[in-house]
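Take a look at the letters that make up each chain.
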Amino acid sequence: MPASILGEGGHLLGAALIRDTITRLLCPSCGSAHVAQVLGDNGGISYVCTACGHSWS
């Protein structure tokens, strides 16, 4: 593989790791990062902590 493709792949991986760190949600109740995004009753977005069961929108 040409070096330019390998270099670009490393750049994309670094960007994905930074994005994951920035966008991670924390539960406001227990502070856990184990949060699931779910659809609400009227199509809105809600979140549920899988560690303590707390839910919020």
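Because the structure is a prediction, the values reported are computed rather than measured.

Visitor: Looking at this structure, I do not really get the overall build of the chain. What am I missing?
Guide: Within the chain one finds one helix and three strands. Listed N to C, the secondary structure of the chain is α-β-β-β in terms of helices and strands. Expressed as a percentage of its 57 residues, the buried residues of the chain come to 9%. In the chain, the proportion of contacts linking residues at least 24 apart, taken out of those at least 6 apart, comes to 13%.

Visitor: Please clarify how the sheet that holds strand S1 (residues 35-39) should be interpreted in this entry.
Guide: Pairing between sheet strands relies on hydrogen bonds along the backbone, with the strands arranged either parallel or antiparallel. An order of S1-S2-S3 is seen for the three strands of this open sheet, with the pairing classed as antiparallel. Strands at the two margins of the open sheet, each flanked by one partner only, are S1 and strand S3 (55-56). Where strand S2 (residues 45-49) meets S3, two bridges bridge the pair, whose relative direction is antiparallel. Bridge pairing in S3 links valine 48 to serine 55.

Thresholds, definitions, all that
Residues numbered from 1 in each chain as written. Predicted model: local features only at pLDDT ≥ 70, side-chain atom pairs only at ≥ 80, totals over all residues. Heavy atoms only, no water. Helix = DSSP H or I, 4+ residues; strand = E, 2+ residues; numbered from the N terminus. Buried < 20%, exposed > 50% of the residue type's maximum accessible area, 1.4 Å probe, protein only. Contact = heavy atoms within 4.5 Å. Pairing = 2+ DSSP bridges.

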